[in-house]
Amino acid sequence: MKAFFSKEFYYNTVGEWAIALLILLGSFVLAKMIYWIFGNIIKKVTKKTKTKIDDVIVDTLRGPVILGLTIFGLWYGIRQLAFPEGIDEWITNVYHVMVAITITWLIARLVDAVIKEFLIPLTEKSESTMDDQIIPVVRKGLRAVIWILGIIVALNNAGYNVGALLAGLGIGGLALAMAAKDTVSNIFGGITIFTDKPFKVNDRVKIGGFDGIITEVGIRSTRLKTFAGRIVTIPNSKFTDGLVENVSVEPWRKVTLNLGLVYDTTAVKMEKAMELLKEIAASNTTLEENTVIGFNKFGDFSLGILFIYYIKRGDDIIGTQTAINLEIMRKFEEHGLEMAFPTQTIYTKK
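In this report, the structure presented in the accompanying data block is examined. Predicted model only: the values in this text are computed from it and were never measured. (Residues numbered from 1 in each chain as written. Predicted model: local features only at pLDDT ≥ 70, side-chain atom pairs only at ≥ 80, totals over all residues. Heavy atoms only, no water.)

**Things to note about the pattern of salt bridges**
- Inspection of the entire model under this criterion finds 6 salt bridges.
- Residues Asp112 and Arg143 are paired through a salt bridge, measuring 2.9 Å at the closest nitrogen-oxygen approach. Placement of the pair is Asp112 in helix α4 (residues 85-125) and Arg143 in helix α5 (residues 130-157), with a sequence separation of 31 residues.
- As a salt-bridge pair, Glu327 and Arg330 come within 3.4 Å of each other at their nearest N and O atoms. Taken together, the residues Glu327 and Arg330, both in helix α11 (residues 317-334) and 3 residues apart, mark about one turn of the helix. (Salt bridge = Lys/Arg side-chain N within 4 Å of Asp/Glu carboxyl O. Helix = DSSP H or I, 4+ residues; strand = E, 2+ residues; numbered from the N terminus.)

Laid out in structure tokens, this is it:
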């Protein structure tokens, strides 16, 4: 057995390979144990405390700490082995990259958790809707900045000349800008939305044939939920180039009714019909006072009455229209006012 472990295999003895493997397996088992402790002991303890910050820290640390411990075990196990200089240098660079990525992941998770658990609830309590739009953009922006800096640090730790790499990107910046002109246009469109405020989250908007509720405003695109339940992602440049109708800011909803009575209706009954419409409008509390009622035309088969009313902002539009229409039917039936429908009378000359 001793002779077997003394045999050389790829620059190391079998015994040295076995020790490295045991160290790796031990670190993996230790990581699983710590993961269990975090989830079943520490998390239960933090839930009993009044503050929420410890719960956020525990949830944030659990994943990166386990990954970091596994990486350290892998590194420590490999350090027990001997490799040629080129391979050893490559392993060292990979280790440094993995450590930098793990720390970056930890910072990104911590910042994201703080925004989610503390800043977002504060914005939901405020009356302003501007912060509701800015927070998601800030959240994504910080996450992107953290990861970009983390990757730069990782490349620097791996021995790459980051300055030369950035300079090379600068030389190709013109080509990149030409390729990304649509993205730049969308970003400027997002800035325009935040400054001009043509709409905000939860507003009903009509644009490009779509009608729905704004659910999210990003720096590059905006998400709109249609009344069919579908999510439409619209590039922000469309809001600067096209016409946007914000339905939510309307002071009232205008409804136009063209009613037609039969030609047998007398002038007295026509006046009575308009009086009934005025009574219906006055008795409905969801309407504005500026209603318009008039005998406006002699049609092909009916005497036309124009009835324009305005539903107050925030009231049930469909419910109000239903109530008005039903009341018109009841009142007209009670007073013998007959609605017209398309008819033709043909006279033949003998």
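From this point, the narrative continues.
**Examining the packing of helix α10 (residues 267-283) against α11**
- At a closest axis distance of 10 Å, the pairing of α10 and α11 adopts a crossing angle of 140 degrees. Considering their axes alone, α10 and α11 lie oblique with respect to each other. Helix-helix and strand crossings are classified by hand; for α10 and α11 the assignment is right-handed. The segment α10 lies against α11, with Ala273, Leu276, Leu277 and Ile280 engaging Ile324, Glu327, Ile328, Lys331 and Phe332.
- Classifying every residue of the contact of α10 with α11 gives 7 nonpolar, no polar and 2 charged. (Axes fitted to C-alpha atoms, helices over the stretch in contact; angles between N-to-C directions. Parallel < 35°, antiparallel > 145°, perpendicular 65-115°, else oblique. Left-handed = near helix turned anticlockwise from the far one by under 90°. Contact = heavy atoms within 4.5 Å. Nonpolar A, V, L, I, M, F, W, Y, C, P; charged D, E, K, R; others polar.)

**Notes on the packing of aromatic side chains**
- Counting across every chain of the model gives 3 aromatic pairs.
- A centroid spacing of 5.4 Å and a plane angle of 70 degrees characterise the contact between Trp252 and Tyr310, whose relative ring orientation is edge-to-face. Residue Trp252 is located in strand β8 (residues 252-261), and its partner Tyr310 is located in strand β10 (residues 303-312); the two are separated by 58 residues in the primary sequence.
- Of the residues examined, Tyr310 reaches a relative accessible area of 13% and is grouped as buried. (Phe/Tyr/Trp six-rings, centres within 6.5 Å; stacked < 30°, edge-to-face > 60°. Buried < 20%, exposed > 50% of the residue type's maximum accessible area, 1.4 Å probe, protein only.)

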